[in-house]
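Chain and residue survey
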Amino acid sequence: MVEASGSRAGSDSLCLVAAAPSVTPWSLRSDHEELAAGGVDAVFATVASLEDTATAVTRVGQWLGVHDDPRHPARVVTSAAEIVAAKAAGQTAVVLHFQGTEPLGGDAGLVGVFARLGVQVMQLTYNYRAQAGDGCCEPGDAGLSRYGGMLVDRMNEHRVAVDVAHAGVRTALDAVDRSSRPVIASHANARAVCDSPRNLPDELITAIAATGGVVGLCAFQSFITAAGKPSLEQLVDHAVHIAELVGPEHVGLGLDFADESEEEYDFFGYDERYYPRPPWVWPDGLEWLHHARNIGPVLASRGFTPAEVNGVLGGNFLRALAAIWGN
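For clarity, every value in this text was computed on a predicted model and none was experimentally measured. (Residues numbered from 1 in each chain as written. Predicted model: local features only at pLDDT ≥ 70, side-chain atom pairs only at ≥ 80, totals over all residues. Heavy atoms only, no water.)

Regarding the layout of surface pockets
Over the atoms, a rolling probe the size of a water molecule traces out where space has been left empty. Estimates place the volume of the largest pocket at around 580 Å³. In terms of lining residues, the largest pocket is bounded by 28 residues, among which Pro21, Thr46, Glu260, Glu264 and Phe268 are the most central. Among the elements of the structure, strand E2 (42–48), helix H2 (53–68) and helix H10 (262–268) are those that each provide at least two residues to the lining of the largest pocket. Sort the elements by how many residues they give to the lining of the largest pocket and E2 lands first, with three residues. Its residues assigned to classes, the lining of the largest pocket comprises 13 nonpolar, eight polar and seven charged. (1 Å grid on protein atoms, 1.4 Å probe; cavity = no way out; pocket = protein on both sides within 12 Å on 5 of 7 lines; lining within 4 Å. Points joined across faces, edges and corners; volume = space filled by probe spheres on them. Helix = DSSP H or I, 4+ residues; strand = E, 2+ residues; numbered from the N terminus. Nonpolar A, V, L, I, M, F, W, Y, C, P; charged D, E, K, R; others polar.)

A short note on the nonpolar core
The biggest cluster of nonpolar side chains holds 93 residues, and the ones touching the most others in it are Trp63, Phe98, Leu104, Phe114, Met122, Val164 and Ile295. Ranked by the residues each element gives to this core, the list is headed by helix H9 (residues 232–246), at eight residues. Here Trp63 is in contact with Val23, Thr24, Pro25, Leu28, Ala45, Val47, Val76, Val94 and Leu96, once residues within four sequence places are set aside. In terms of nonpolar packing, the next biggest core, distinct from the first, is built from 21 residues, Leu14, Leu16, Val95 and Phe317 among them. (Core = buried A, V, L, I, M, F, W, Y, C linked by side-chain atoms within 4.5 Å. Buried < 20%, exposed > 50% of the residue type's maximum accessible area, 1.4 Å probe, protein only. Contact = heavy atoms within 4.5 Å.)

Remarks on the pairing of strand E4 (residues 92–99)
Working note: regular strand, side chains alternate between the two faces of the sheet. Burial runs high along E4: eight of the eight residues are buried. Burial of the side chains of E4 extends over both faces: Thr92, Val94, Leu96 and Phe98 are buried on one face and Ala93, Val95, His97 and Gln99 on the other. Pairing of E2 with E4 involves six bridges; the strand directions are parallel. Note that in E4 the partner of Val43 across the bridge is Val94. Sheet analysis places strand E3 (residues 74–76) next to E4, joined by three bridges and oriented parallel. Residue Arg75 lies in a different strand from E4, and its bridge partner there is Ala93. (Pairing = 2+ DSSP bridges.)

Quick word on the pairing of E2
The buried fraction of E2 amounts to seven of the seven residues, a majority that puts the element mostly inside the structure. Bridging between strand E1 (residues 16–17) and E2 involves two bridges; their strand directions are parallel. Considered in E2, the bridge of Val17 is made with Val43. A crossover links E1 with its parallel partner E2, the connecting element being helix H1 (residues 28–37), and its sense is right-handed. (Right-handed = clockwise from strand over helix to strand, strands pointing away.)

Structure (structure tokens):
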């Protein structure tokens, strides 16, 4: 049954966006209203990516300040049960997320330290070569380093989710082989649908799914299509491909909405072949977080059952995180 436009798949569904860098401690009050308008219950908030350890600690402290302040309609969560409880309380559940392991400063022991502070998801690399391994825009694609292998081991030990978004294919496959727990790609699409190095080839999607992991659909324009401004339908093309390849239970949302300046673009060193300079545009029908309610009906119109729609919207990531975190 196709849902009415503007609704989610069901009143019992939970919507989790596994990459929401626009959501910050200082924007949270207004963001909460926008998230609520879009039916979004939980987000992965980017703590740091290329920043140093001290900056990451400061940002974690800011998020914990939000958590402790009853005036803020959000809570930092470290379990699947806490995500569900935050939704029931009308609060935004915030999962702290590293988009890269540079904040660890080359010290694998800090995985456990940051885990105790609430950082429950860590991406191994951010586009280029890092101590952990090669990113997706690194031409050599040398794979996971010895240090990167140590990080995967520490993440498994401390039940931190291993995230291979932005990683090179060999790096990601090495991480999947090394990990004893499910591996996720928080925000990435299918390379078979759009040939970008930020997207995942079928071999990698299959490997992630075999661990029990999930791939979060990314709304960034040039990862959906190479032909101009994309549509929500074209984003769902990626969901259909992944579902047909490995099953709908391995598809989630990782929309990755960000409003970056020219200065931030230069800081992160984006490759203009794959990342157009800002201002960025987003899919017709899904132009910011408050449009997330539009995703369910399009999934349903493409043949996803109500249960499968609920899974894509958040249930699949919730299941994977519960398996990784153990709660």
